[in-house]
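# Notes for the structure review
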Amino acid sequence: MQMLYNDILSAKNQNRKLLAILLDPDKIDWENLELLIGKICSSPATHVFIGGSRVFTDRIDELIVEIKDRCALPILLFPGNPSQISHEADGILFLSLLSGRNPDFLIGHHVKAAPTLKNSKLEIIPTGYILIDSGSETAVAKVSGTNPLSDENEIVSTAIAGQMLGKKLIYLEAGSGAKNAVHTQIITSVSENLDIPLIVGGGIKTNAGIRNAYDAGADLVVIGTAFENDLNFFGND
Ligand SMILES: CC(C)=CCC/C(C)=C/CC/C(C)=C/CC/C(C)=C/COP(=O)(O)OP(=O)(O)O
Ligand SMILES: O=P(O)(O)OC[C@@H](O)CO
Ligand SMILES: [Mg+2]
């Protein structure tokens, strides 16, 4: 049963906006984990995403178990490669980097991960991942050796192709800590051309930035760096 996906879909249909906090397992302050989890639980977040373009720690399982012990939010893996798969999570954004032409990130990592995922209880959500130019080179561009897109027509066409390929979500990514978030005009054009839910993330630094992304047509917004830097971010304006 596609519980997680059905919830995202019904939220979209009811215009109920969703918010994910992205945790990079390498950047966890383990001494203050309880505080972090408390802040996540009392935040407006509806989901927790876990991942990074590169992750070196072997404590992903432990991190997820700790969060699940204290917090009821669904946990979705957001992996840069197959080494980040944890069976403790609820689901996985099975990302294909549609903005690039690197076969490893279009299908190669997926082939490697498939046997493990087939034997797991993780809910698998095929996701078209589109890297958008945000003013400077991002970690995703570096690890994948691909260029971000900047042309609006190409971005919209890529998103439509993703939906036609059967992706269940489209994710417009400016890159973690990006100088500029995805432009509202791009979010609107893409959302008007899609039936499936639209995720937007990267470089959103204020609560007003979250609202702008929602108003432009994002169904789910991802916040990583701003929350990492300030655990009271969601109390600010
Ligand atoms: C199918 C499996 C198992 C993996 C898919 C692999 C693909 C196609 C990934 C897409 C490209 C990619 C490298 C995505 C990483 C997404 C991510 C978690 C970004 C988070 O931010 P970071 O790039 O780690 O930022 P920092 O450098 O600030 O930590
Ligand atoms: O860290 P930030 O800039 O919030 O980006 C979140 C996420 O979209 C990155 O993959
Ligand atoms: Mg990272």
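Here's a quick rundown of the structure. Given the structure is predicted, the values throughout are model-derived calculations rather than measurements.

## Examining the packing of helix α2 (residues 33-41) against helix α3 (residues 60-70)
Relative orientation of the contacting elements α2 and α3 amounts to 55°, with a least axis distance of 10 Å. Between α2 and α3, the angle falls in the class oblique. Every pair of crossing elements has a handedness; the one defined by α2 and α3 is right-handed. Residues L33, E34, I37 and C41 of α2 lie in contact with α3, whose contacting residues are L63, E66, I67 and R70. Here the residues of the contact of α2 with α3 are counted per class, giving 5 nonpolar, no polar and 3 charged.

## Overview of the site of ligand 2
Looking at ligand 2, there are 14 residues lining it, with E173, G177, G203, G224 and T225 nearest. Within the backbone of G177, one N or O atom sits 2.7 Å away from an oxygen atom of ligand 2. Between an oxygen atom of ligand 2 and a side-chain N or O atom of T225, the distance comes to 2.5 Å. Out of a free accessible area of 310 Å², ligand 2 has 96% covered by protein chains. For the shell around ligand 2, the secondary structure elements donating two or more residues are β6 (169-173) and β8 (220-223). Its residues assigned to classes, the shell around ligand 2 shows 5 nonpolar, 8 polar and 1 charged.

## A word on the pairing of strand β4 (residues 91-97)
Burial runs high along β4: 6 of the 7 residues are buried. Inspection of the sheet shows strand β3 (residues 75-77) paired to β4 by 2 bridges, in the parallel sense. Counted as the bridge partner of L77 is I92 from β4. Bridge count between β4 and strand β5 (residues 123-131): 7 bridges; the pairing is parallel. Looking across to β5, one finds that L97 is bridged to Y129. Regarding topology, helix α4 (residues 103-118) serves as the crossover connection from β4 to the parallel β5, and that connection is right-handed.

Parameters at a glance
- Residues numbered from 1 in each chain as written.
- Chains lettered and ligands numbered in written order.
- Predicted model: local features only at pLDDT ≥ 70, side-chain atom pairs only at ≥ 80, totals over all residues.
- Heavy atoms only, no water.
- Axes fitted to C-alpha atoms, helices over the stretch in contact; angles between N-to-C directions.
- Helix = DSSP H or I, 4+ residues; strand = E, 2+ residues; numbered from the N terminus.
- Parallel < 35°, antiparallel > 145°, perpendicular 65-115°, else oblique.
- Left-handed = near helix turned anticlockwise from the far one by under 90°.
- Contact = heavy atoms within 4.5 Å.
- Nonpolar A, V, L, I, M, F, W, Y, C, P; charged D, E, K, R; others polar.
- Near = heavy atom within 4 Å.
- Polar contact = N/O pair within 3.5 Å; in protein donor to acceptor, adjacent residues only side chain to side chain.
- Areas by Shrake-Rupley, 256 points an atom, 1.4 Å probe, with all protein chains shown as cover.
- Buried < 20%, exposed > 50% of the residue type's maximum accessible area, 1.4 Å probe, protein only.
- Pairing = 2+ DSSP bridges.
- Right-handed = clockwise from strand over helix to strand, strands pointing away.

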